[in-house]
Amino acid sequence: MAQLSERVKALVQPHLRTLEPYDPNFTPTHVNLSANENTYDVPAPARALIDAALAATPTNRYPDPMSNDLRDELAAWHGVARENVIAGNGGDELLYNFLLAFGGPGRTLVNVPPTFSEYAFFASLTQTGVHDVWRDPETFLPQADELVAAAGEASLVILTSPNNPTGDVAPLELVARVCDACPGLVMVDEAYGEFAAAGTSAEALLAEHDNLLVLHTLSKAFALAGARCGYVIAAPDVIDALAAVRQIYSVNVLTQAAALAAVRARAEFDATVEKIVSERSHVYESLARVEGVRVWPSEGNFVLARMAGASRVRERLRDERSILVRDFSYAPGLADCLRITVGTPEENDAVIEALSEIVPEEAARAVATGNEPACATNKEDQDD
Ligand SMILES: *Cc1c(COP(=O)(O)O)cnc(C)c1O
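On a predicted model such as this, the values are computed, not experimentally measured, just so you know.

Colleague: So what's going on with helix H12 (residues 345-368)? Residues and values would help.
Modeller: If you check H12, its first and last C-alpha atoms are 35 Å apart, about what 24 residues at 1.5 Å a residue would give, namely 34 Å. The largest bend in H12 is about 25°, located at Leu 355. When H12 is considered as a whole, its buried residues turn out to be Glu 347, Asn 348, Val 351, Ile 352, Ala 354, Leu 355, Ile 358, Val 359, Glu 362 and Ala 366. Contacts from the buried residues of H12 go to strand S1 (31-33), helix H10 (270-288), helix H11 (310-321), strand S11 (323-327) and strand S12 (337-341).

Colleague: Explain the pattern of salt bridges to me, and be specific about the residues and the numbers.
Modeller: Summed over the entire model, instances satisfying the criterion amount to 15 salt bridges. For the salt bridge of Arg 264 with Glu 73, the shortest nitrogen-to-oxygen distance reads 3.6 Å. Of this pair, Arg 264 sits in helix H9 (residues 253-264) while Glu 73 sits in helix H3 (residues 68-78), and the two are 191 residues apart along the sequence. Under the relative-accessibility criterion, Glu 73 is labelled buried at 18%. Through salt bridges with shared partners, a single ionic network connects Arg 312, Arg 316, Glu 320, Glu 361, Glu 362 and Arg 365.

Colleague: Go over the environment of Ala 52, please, and point to the residues and values.
Modeller: The residue Ala 52 is located in helix H2 (residues 44-55) in this model. According to the relative accessible area criterion, Ala 52 is partly exposed, its value standing at 46%.

Colleague: Lay out H10 with the relevant residues and their values.
Modeller: In a regular helix each residue adds 1.5 Å, so 19 residues correspond to 27 Å; H10 covers 27 Å between its end C-alpha atoms and thus fits that length. Turning to H10, its buried residues are Thr 272, Val 273, Ile 276, Glu 279, Arg 280, Val 283, Ser 286 and Leu 287. Here the buried residues of H10 occupy an arc of 145° about the axis, which is enough to place them on one side. Turned more than 90 degrees from where H10 packs its buried face, Ala 271 and Glu 274 sit exposed. Elements that come into contact with the buried residues of H10 comprise strand S9 (294-295), strand S10 (302-306), S12 and H12.

Conventions and cut-offs
- Residues numbered from 1 in each chain as written.
- Predicted model: local features only at pLDDT ≥ 70, side-chain atom pairs only at ≥ 80, totals over all residues.
- Heavy atoms only, no water.
- Helix = DSSP H or I, 4+ residues; strand = E, 2+ residues; numbered from the N terminus.
- Expected span 1.5 Å × (residues − 1).
- Bend = angle between axes of the 7 residues up to and from the residue.
- Buried < 20%, exposed > 50% of the residue type's maximum accessible area, 1.4 Å probe, protein only.
- Contact = heavy atoms within 4.5 Å.
- Salt bridge = Lys/Arg side-chain N within 4 Å of Asp/Glu carboxyl O.
- Arc of directions from axis to C-beta.

This is how it looks when you write it as structure tokens:
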């Protein structure tokens, strides 16, 4: 991975010197199951409404900084007030603003890895300390007592539910304990919440916990990753602080119009979400039957799978089958793990068939060569 030049290293802020320029080195493939996008398009009736909204949106004026029409629609949907909602340029912007507003030198974020790597990245940008409370290495579930104890000392906690890439949902009872223990703020990232079982959203706890924030995105279930829109639901004074630090025009007029139309048409997305959820069972059960593959139950639109020589398996999927999945072999705690996004039935069957053939070959090869091949150490593609 590229590094900053020596000249620029001397010029950037000291805590940024070791950062690497972001270059996803993306390989185009026939089947892309690497970034947890929705591989279905926006449903045609919703797309027609989005197109009409875009056509009716002038671009000569600056956007409404607070996206108030969108906030009102989101608030009505979630049964809260406009003051409880803020929209951002993707969930990522809101996560960054959360660390910017409430983190910083001398503050500590409790992180629960293996999880979404952006949290630690945004903590490093904002010089926020990180206290990692590692998940159980076998089940990948959070270690509840250790987490609650750490939350008691922390300024911030981020819990991901369903967690990316392990797929588990944070039990509401645990979220409530963490909120009670933490003197600061607790963010529950529900980027994949639409794919999880009913009754698992931490929104149910908002009324009783004014230090809780719930993050959502239109990038996954709503198939709008390219439009960049996410939102947070929280107490009004917490929303005010996020509003105070944001770049005022970060959600552009076209995104506001598209997001509003999509959220109004939200019922149109139910069928694809249901399809992905049923395909997730198919992928999970099919991979569980492949000898040498271990899979973990998932409530997201992806499945985490472990197998010998995962990095090589991933390369062979890409080079021999034109299928891209995400390699987590480099990530601590995720040795030999691949994350496979649940796509259309054809895409899923292609990856299942390919793994049924490649995994036994690579397992045999690992035995023959006495040990497993060295794993890739670099992040080769996008980080979502
Ligand atoms: C995808 C994702 C997000 C948000 O993505 P955006 O495209 O920036 O909205 C947030 N958290 C997790 C865990 C994700 O996987």
